[in-house]
Amino acid sequence: MAVNVVWSSMALILTFFYTDIYGLKASDIALLMLLPRLIDAFADVAMGMITDKHVTRMGRYRPYLLLFAVPFGLSVVLVYTTPDLAYNGKLLWAYATYTLMMLVFTAVTIPYISLIGVLTDDPQQRLSANGYRLFFAKVAAFLVTIIVPLMAAHWGVNHLARGYQISMALMAGMATLLFLFCFFTTTERVKHQVEEKPLSLQLRLLFKNDQWGVLAAVCVIATIGYVIRGSMGAYYAKYFLYDNLPANQGVVSQFLSTHSILGKWAGNATGDAVLLSNFLTTGVVASIAAMVASTWITKRFCKVGLFRWSQIITAVLSAILFLVVKPGEVAPAFVLYFLVCFVVDLQAPVFWSAIAEAVDYGHVKSGKRVAGISFGGISFCQKMGMSLGGGAVGVLLTFYHYVPNEAQSAFTLTGIALSLSAIPGVFHLVTGFLMFKYRITDKYYNDLMREHPVAVPANAGIKEAPVA
């Protein structure tokens, strides 16, 4: 939940905040969404190396949750703070605070995603744990989509930027407390023998792991699709749907504000804010349902097959969403968007449990373990995907002549619709086909571990390598 306060805000509302609230030009968004994430991607690798080298009495990964909990929350508040500066000053502030948030995000999330590998060595338990983990990640996204747009409109009636700052400060405070909770309530039960290895050797071992390579490529490509679709959701809801409601627009707006649960809760929030929040929340609810469904499905069917076909079906549904829904058609848009978000996220628990299994696979094949840089490398790939996806959003908005807070042309509306549906769908189609190269099924992994055990419980007496 704590991690996804940032991830969800970046994927769902940050680009919209920067253009429509903060006041940046769409042409400046591409580089802003690209550079800080690109810088941070290299920090992921460094953080992975740090966790490989150092272990404390509190564990290898847990201490970072304690150390960076408060800086994490503060950095989020700074990003959503709008200073009273000239345009260039605001742009510089955006670069500085966004880069800071991404670096702190890395310092706490690389240890966090590595933690699953030392909680248990059982692959089914890892898969189940990741299902719960990602369920609560989506709960955080649910809260972000409800609290931020609606409470920003509610608390920022005359100063919308202040409303966003207060809303995200509330989320940041929750994230800080949740990181502390995670630190105090987890235990590192599995210890691996870690050898001191130069970076060049670690990279060679990493790139020899063909199954890790598949996951790395999948991570980059799928994340681009996620970021483009997620970032365009707010624009789609506000401009493609709300601004093109038929002649009874006032009736629909009034209905959303007074009869929907979110509309009642938000009080005096405007109709477009209510529709925006309802639309984004629909996607998050679908993702939460996907976490539950994925845990059930993978107990009965092949998890790798689920990964492959969920992405291919997502591409088909995305094409249907673009072809069927016309401007202002709220009902089919909500239904199809729900289906896209549900199917695409069926793979999420599978992916994060697969990383730990790919690390064990590489250990067996090479005889040497490079866990930290493996997880750091995946996070690097995720940040690369975020960078490229975020940059693509800025390029798409510029190419389709998007102008904030104005009526959009038919060309712009078509571009927004494509960017929410068919364009990210192509990336998920490629992801699905790439997963046919991944072969570590449950049976394969269990057979491999029986023949080549690579980890033991923490109390079995194997000592860690000396700390540098």
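Chemist: So, the packing of helix H9 (residues 210-241) against helix H18 (residues 422-434): which residues are in play, and what are the values?
Modeler: At a minimum axis separation of 8 Å, H9 and H18 run at an interaxial angle of 160 degrees. With respect to H18, the axis of H9 lies roughly antiparallel. Along this stretch, H9 crosses H18, giving a crossing that reads as left-handed. Residue-level inspection shows Val214, Ala217, Val218, Ile221, Ala222, Ile224, Gly225, Tyr226, Ile228 and Arg229 of H9 in contact with H18, the latter providing Ile423, Pro424, Phe427, His428, Val430, Thr431 and Leu434. Tallied by class, residues from the contact of H9 with H18 come to 13 nonpolar, three polar and one charged.

Chemist: Tell me about the side chain of Thr109, residues and numbers included.
Modeler: Secondary-structure assignment places Thr109 in helix H5 (residues 87-119). Thr109 gets classed as buried once you look at its relative accessible area, which sits at 5%. A polar atom in the side chain of Thr109 sits 2.5 Å from the backbone oxygen of Phe105.

Chemist: For the nonpolar core, give the residues involved together with the corresponding values.
Modeler: Ranked by size, the top nonpolar core spans 144 residues in total, and within it Tyr18 and Tyr236 carry the most contacts. Looking at which element gives the most residues to this core, the answer is H9, with 18 residues. In contact with Tyr18, other than residues within four places in its own chain, are Gly23, Leu24, Ile29, Leu32, Met33, Val79, Ala94 and Tyr98.

Chemist: For the packing of aromatic side chains, give the residues involved together with the corresponding values.
Modeler: Throughout the structure, instances matching the rule amount to 22 aromatic pairs. Each ring, one from Phe16 and one from Tyr235, has its centre 5.5 Å from the other, and the planes form 75 degrees; the classification is edge-to-face. Here Phe16 is found in helix H1 (residues 2-22), whereas its partner Tyr235 is found in helix H9, with 219 residues between them in sequence. Accessibility expressed as a relative area gives 5% for Phe16, which makes it buried. Their ring planes at 50 degrees and their centres at 5.8 Å tell us that Phe17 and Tyr18 sit as a pair that is tilted. Neither residue differs from the other here; Phe17 and Tyr18 are each classed as buried. Here the aromatic residues Phe17, Tyr18, Tyr22, Tyr80, Tyr98 and Tyr164 are joined through ring pairs into a cluster of three or more. Just above the ring of Tyr22 sits the side chain of Lys90; from NZ or CZ to the centre is 4.9 Å. Across from the ring centre of Tyr226, 5.2 Å away, lies the NZ or CZ of Arg229, which sits over that ring.

Chemist: Report on the confidence of the model for the protein, specifying residues and quantitative values.
Modeler: A residue-level look at the protein finds 89% of positions with pLDDT of 70 or above and a mean pLDDT of 83. For the stretch residues 456-468, pLDDT sits under 50, and the model shows 24 contacts to residues farther than four places along the chain or on other chains.

Definitions and cut-offs
- Residues numbered from 1 in each chain as written.
- Predicted model: local features only at pLDDT ≥ 70, side-chain atom pairs only at ≥ 80, totals over all residues.
- Heavy atoms only, no water.
- Axes fitted to C-alpha atoms, helices over the stretch in contact; angles between N-to-C directions.
- Helix = DSSP H or I, 4+ residues; strand = E, 2+ residues; numbered from the N terminus.
- Parallel < 35°, antiparallel > 145°, perpendicular 65-115°, else oblique.
- Left-handed = near helix turned anticlockwise from the far one by under 90°.
- Contact = heavy atoms within 4.5 Å.
- Nonpolar A, V, L, I, M, F, W, Y, C, P; charged D, E, K, R; others polar.
- Buried < 20%, exposed > 50% of the residue type's maximum accessible area, 1.4 Å probe, protein only.
- Polar contact = N/O pair within 3.5 Å; in protein donor to acceptor, adjacent residues only side chain to side chain.
- Core = buried A, V, L, I, M, F, W, Y, C linked by side-chain atoms within 4.5 Å.
- Phe/Tyr/Trp six-rings, centres within 6.5 Å; stacked < 30°, edge-to-face > 60°.
- Lys NZ or Arg CZ within 6 Å of the ring centre and 35° of its normal.
- pLDDT = per-residue confidence, 0-100.

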